[in-house]
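Below, each chain spelled out in residue letters.
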There are 2 protein chains.
Amino acid sequence: MEANRSANSRLALVKDSIVKIRSKVAEFPGKMKKVAEDDPRRIVHSFKVGLAITLVSLFYYFDHLYVGFGSSAMWAVLTVIVVIEFSVGATLGKGLNRGLATFLAGALGFGAHHLANLPGQELQPILLGIFVFILAATVSFIRFFPRMKVRYDYGLLIFMLTFCLISVSGYRDEEVLEMAHKRVSTILIGGFTAIFVCIFICPVWAGEDLHNLVANNLEKVASFLEGFGDEYFRKSSEPESNKASLQVYKNILNSKQSEESLVNFARWEPPHGLFRFRHPWKQYLKIGSLTRQCAYRIEALNGCLNSDVQASPETCGNFREAFIKASSETGKAVKGLASAMRTMTLPSADCPQTTKSKNAADNLKSLLRTGLCQGIDIVEILEVATVASLLLDVLACTEKISESIHELASLAHFKRLEPDEKDGKPDLDKQKQVRQSPNSIASNHHHHIIIIE
Amino acid sequence: MEANRSANSRLALVKDSIVKIRSKVAEFPGKMKKVAEDDPRRIVHSFKVGLAITLVSLFYYFDHLYVGFGSSAMWAVLTVIVVIEFSVGATLGKGLNRGLATFLAGALGFGAHHLANLPGQELQPILLGIFVFILAATVSFIRFFPRMKVRYDYGLLIFMLTFCLISVSGYRDEEVLEMAHKRVSTILIGGFTAIFVCIFICPVWAGEDLHNLVANNLEKVASFLEGFGDEYFRKSSEPESNKASLQVYKNILNSKQSEESLVNFARWEPPHGLFRFRHPWKQYLKIGSLTRQCAYRIEALNGCLNSDVQASPETCGNFREAFIKASSETGKAVKGLASAMRTMTLPSADCPQTTKSKNAADNLKSLLRTGLCQGIDIVEILEVATVASLLLDVLACTEKISESIHELASLAHFKRLEPDEKDGKPDLDKQKQVRQSPNSIASNHHHHIIIIE
């Protein structure tokens, strides 16, 4: 009986693992499809890598190409595989790092080799060992410098590598100069092949990705704000249609790393499309960080959606309208900014959306200050007031974002919209609105309260 | 005149750049000192790298070691440089990735070489080209899979590299099996040297770093809470002593990336010190993410410190005390949790700090609900109420953190404190307190209000 049972359980285990493996294999095509659908450029990139490697390996197949380099040709294959990256900026950064580091380290290694030769054969290995130790320790330490780590980490690694290879293998290989020369030239060939394929076949520009990422994040903030007011005052009996769609802002919270690496790649890229030479990439970091600050406040605001004390939709009709209006108008204004940024057009300072959103926010502020609506439960008032001040905090944040986008627009010379694309207001009226300072708008909020009522 | 002026300006430019370079050079030792002081283990690491490379390059210097491997010995130097990393986990991960990938790709490359040989010399380069293209494209695509990217990205790169090198250079080098064998064995030697130096000379454990990082972040939350209450009700005439020290929590906001990579490294590490086999590393991610959520709310709370409507210290004596108490007691409780975590001792569920902090929070909540103090400016009430609800939100967050730390303590079998280290309460009393649910504590807050008053 016992033996039977244990045999059975073992059989069950085997069956289980077979089922698991089978399900993993069955999931694989679905996963592949998802990865490809998330960004179809990934498929193109895979083919580009295949192509670049096949191109470089031609060196081996054709006799007259092979003769020049011999077995050093393998460094070209190695370089292509290591250098080629998804975006042009990353490939260029790695390629330049590798090329420059190899060249410098080759020269230095050659010098070290000669220096170690001077005192005679006996001392040579000891001197070489000391050189290698000092250089490896120093370069390893420099790699910890934050600025070096960001831009030149790969170059430092390759510098160390090449120096050690040249100076150490030079001990055996007497034709060290020729070896260094071959190595440098095959690496140049590999690097150029990788860069050529990366730039001229469906290029993926890190700068463009960064531009879209920042604009997307702004749009996420906008759609949260557009939906939040309604969601907060929604009757709990209504179906939960919107709550999940509000959660898209969550990715913004951890976007710092990817923005920073994209900026770093973008700075290696040559001018392309609408991005000119010396495009102000660092300004994107500023906009991104402000967007994140906004998202942190939205996270706190989102927590109130699940609070136990919910505002009932019946109370405070007056306040409720002002609240929803402030939220949705600001959402629209931010959406306008995001689309202006995406299309690289100058966001107009006098756009009706911005004015509307400012007025709505001021209206909400004054309602909050002058005492809300009397006569309802104090607990509810406090809860609603908390949410409203958080919302006002978010709105203040969006104003800062707007400022930094205007700064970007002037730094990057965004193009002005054609007059016929704007609405037909007379110019004088517009100039007046532009000149209005935020304070002057704030001072006439009584007017707008009447409109809303 | 003109020529003179332009010559002068050119001279000024040259002088300027000399001054700049001089200041950069003068700054260098300071920067080096700072990098070393931030983490003295960095100096040790640099020496370790130098040592490992010098050890491996011995192959070149001694004749009887060199004979076996020939120029393949350079792969050992290359492997050490590429594999050795700051922490043991990172080195092990890279070393295992490289070793396994080289072995598998070597076998596959050898197979491909033979397969391409079958139809005859004419077709061989074409077949090899097709194999290389298919494999490179497939592996490049697989590198986009999120799970693969996190743990096996380096292995996939090396797999592609080795396959291409073996199968392509096999076209020229007839002794492809011997070459593959040499390459694999030199890589093994290099990898083992790197891992040996990394583990046995002042090892840096990623798991320990992760443990300390999470505990540090908790402590940052704690010291914000301890200081916040006082700071918020501080008279504006008093000197700004504390505000800067409250800002340390800011690093928590962007700690996700480093926590994830440390967890990833820690999972490669063997048991060491107090960290046993299958230590629940993933639980640290949970604690870290809860700490970050707490920090997002603290960011919103911190914004209120700079708000234009400040609570004056004179008003609401009653409320003020409750507020400060709730903030500082929770700060103390979180500090207790952090130190329990750091020392890997079981945090006691009945610790007086936790009870005190819960009572203080409930007291604040009830004060907020029953109407604050009447008779002061409505604007100030609303402002204070907002800050108080945000604070309560943070406190609720810390309770979740406490739960997840208790979970970690039970998963990782944290050791129990000896009885004589605890305070001398009788056991019966303690058990009662443990059994008290949060609700039962919440229901007797009237009692505590009296105490505070």
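What counts, and at which threshold
- Residues numbered from 1 in each chain as written.
- Chains lettered and ligands numbered in written order.
- Predicted model: local features only at pLDDT ≥ 70, side-chain atom pairs only at ≥ 80, totals over all residues.
- Heavy atoms only, no water.
- Helix = DSSP H or I, 4+ residues; strand = E, 2+ residues; numbered from the N terminus.
- Buried < 20%, exposed > 50% of the residue type's maximum accessible area, 1.4 Å probe, protein only.
- Core = buried A, V, L, I, M, F, W, Y, C linked by side-chain atoms within 4.5 Å.
- Contact = heavy atoms within 4.5 Å.
- Patch = residues over 30% accessible without salt bridge, like charges linked within 9 Å, V, L, I, M, F, W, Y side chains within 5 Å.
- Areas by Shrake-Rupley, 256 points an atom, 1.4 Å probe, with all protein chains shown as cover.
- Salt bridge = Lys/Arg side-chain N within 4 Å of Asp/Glu carboxyl O.
- Domains from an automatic or database assignment.
- Buried area = accessible area lost by both parts, 1.4 Å probe.
- Polar contact = N/O pair within 3.5 Å; in protein donor to acceptor, adjacent residues only side chain to side chain.
- Nonpolar A, V, L, I, M, F, W, Y, C, P; charged D, E, K, R; others polar.
- UniProt positions renumbered as here; feature names shortened; annotations may be inferred.
- Lys, Arg positive; Asp, Glu negative; His and termini not counted.
- Charge placed at Lys NZ, Arg CZ, Asp CG, Glu CD.
- Least-squares fit on C-alpha atoms with pLDDT ≥ 70 in both.

**With respect to unusual backbone geometry**
Residues and elements named next belong to chain B.
Next, step 1: Unusually for a residue other than glycine, Cys202 sits at a positive phi of about 40 degrees.
Next, step 2: Following the sequence through the fold, Cys202 ends up in the loop between α8 (176-200) and α9 (206-232).
Next, step 3: Judged by its relative accessible area of 49%, Cys202 is partly exposed.
Next, step 4: You will see that Met344, though not glycine, has its phi angle at about 55 degrees, which is positive.

**What to know about the nonpolar core**
Next, step 1: Ranked by internal contacts, the top residues of the largest apolar core, which has 126 residues, are Phe228 and Phe323 of chain A together with Phe228, Phe319 and Phe323 of chain B.
Next, step 2: Setting aside its immediate chain neighbours within four residues, Phe323 of chain A contacts Phe228, Gly229, Tyr232, Phe233, Leu364, Val387, Ala388 and Leu391 of chain A.
Next, step 3: Core analysis: the second largest hydrophobic core is formed by 84 residues, Val80 and Ile142 of chain A together with Ala112 and Val139 of chain B among them.

**Quick look at a nonpolar patch on the surface**
All names here are of chain B.
Next, step 1: Residues Leu51, Leu55, Leu58, Phe62, Phe196, Phe200 and Ile201 make up a contiguous nonpolar surface patch of about 630 Å² in total accessible area.
Next, step 2: Those elements that place two or more of their residues in the nonpolar patch are α2 (41-61) and α8.
Next, step 3: With 3 residues, the top contributor of residues to the nonpolar patch is α2.
Next, step 4: With respect to the helices and strands, Leu51 occurs in helix α2.

**Examining the domain arrangement of chain A**
Residues and elements named next belong to chain A.
Next, step 1: Domain boundaries in chain A define domain 1 (41-200) and domain 2 (206-442).
Next, step 2: On the domain 2 side, the residues contacting the 12 residues of domain 1 number 8 residues.
Next, step 3: Around 880 Å² of area is buried between domain 1 and domain 2 when both sides are counted, 58% of it from carbon and sulfur atoms.
Next, step 4: A salt bridge links Asp209 to Arg41, with the nearest nitrogen and oxygen atoms 3.1 Å apart.
Next, step 5: Across the domain 1-domain 2 interface, the total number found is 4 residue pairs in polar contact (both at pLDDT 80 or more).
Next, step 6: Those elements that place two or more of their residues in the side of domain 1 that touches domain 2 are α5 (88-117) and α7 (146-169).
Next, step 7: Examining the composition of the side of domain 1 that touches domain 2, we find that 7 residues originate from one element, α5, more than from any other.
Next, step 8: Looking at the side of domain 1 that touches domain 2 residue by residue, the classes come out as 6 nonpolar, 4 polar and 2 charged.

**A few points about the UniProt feature "transmembrane region" (unreviewed entry) in chain A**
All names here are of chain A.
Next, step 1: When the UniProt feature table is mapped to this numbering, "transmembrane region" (unreviewed entry) covers residues 43-62, 74-93, 100-117, 123-142, 154-172 and 184-206.
Next, step 2: Structurally, residues 43-62 comprises 95% helix and 0% strand, and the distance from its first C-alpha atom to its last is 29 Å.
Next, step 3: Annotation note: span residues 74-93, helix share 80%, strand share 0%, distance between end C-alpha atoms 22 Å.

**Describing a positive patch on the surface**
Next, step 1: A surface patch of like charges, here positive, comprises Lys20, Lys24 and Lys31 of chain A together with Arg147, Arg267 and Lys282 of chain B.
Next, step 2: With 3 residues, helix α1 (residues 2-38) of chain A is the largest single contributor of residues to the positive patch.
Next, step 3: Assignment of secondary structure puts Lys24 of chain A in helix α1.

**Some words on the relation of the copies chain B and chain A**
The second copy of the chain is related to the first by a rotation about an axis and a shift along the axis.
Next, step 1: Laying chain B over chain A is done by rotating through 180 degrees and shifting 0.0 Å along the axis; what remains is an RMSD of 0.1 Å. Here the copies are linked by what is in effect a two-fold axis. It is Thr386 of chain B whose C-alpha, among those of chain B, lies nearest the rotation axis, at 2.3 Å.

**Points about the interface of chain B and chain A**
Next, step 1: In this assembly, 75 residues from chain B lie in contact with 75 residues from chain A.
Next, step 2: Summed over both sides, the interface between chain B and chain A buries roughly 6900 Å², with carbon and sulfur atoms accounting for 74% of that surface.
Next, step 3: The interface formed by chain B and chain A includes 2 salt bridges.
Next, step 4: A salt bridge links Glu299 of chain B to Arg297 of chain A; the shortest N-O distance between them is 3.8 Å.
Next, step 5: No other element matches the 13 residues that α2 of chain B contributes to the side of chain B that touches chain A.

**So, the environment of Val132 of chain A**
Next, step 1: Inspection of the secondary structure puts Val132 of chain A in helix α6 (residues 124-142).
Next, step 2: Put simply, Val132 of chain A and Gly109 of chain A are 23 residues apart on the chain and 9.3 Å apart in space, counted from C-alpha to C-alpha.
Next, step 3: In this structure Val132 of chain A touches Phe163, Cys164, Ser167 and Val168 of chain A together with Ile53 of chain B, once residues within four positions along its chain are discounted.

**Brief notes about the pattern of salt bridges**
Next, step 1: Using the criterion set out here, one finds 30 salt bridges over all chains in the structure.
Next, step 2: Close ionic contact of Glu407 of chain A with Lys286 of chain A constitutes a salt bridge, the shortest N to O distance being 3.1 Å. On the criterion of sequence distance, the pair formed by Glu407 of chain A in helix α14 (residues 378-411) and Lys286 of chain A in helix α11 (residues 281-305) is long-range, its members being 121 residues apart.
Next, step 3: Judged by its relative accessible area of 34%, Glu407 of chain A is partly exposed.
Next, step 4: Note on Lys286 of chain A: relative accessible area 39%, which makes it partly exposed.
Next, step 5: Across the salt bridge formed by Glu259 of chain B and Arg292 of chain B, the nearest N and O atoms sit 3.2 Å from each other. Taken together, the positions of Glu259 of chain B in helix α11 (residues 256-266) and Arg292 of chain B in helix α12 (residues 281-305) put the pair 33 residues apart, joining distant regions of the chain. In this pair, the class of Glu259 of chain B matches that of Arg292 of chain B, namely buried.
Next, step 6: Residues joined by salt bridges that share partners form a network here, namely Lys250 and Glu299 of chain A together with Arg297 and Asp393 of chain B.

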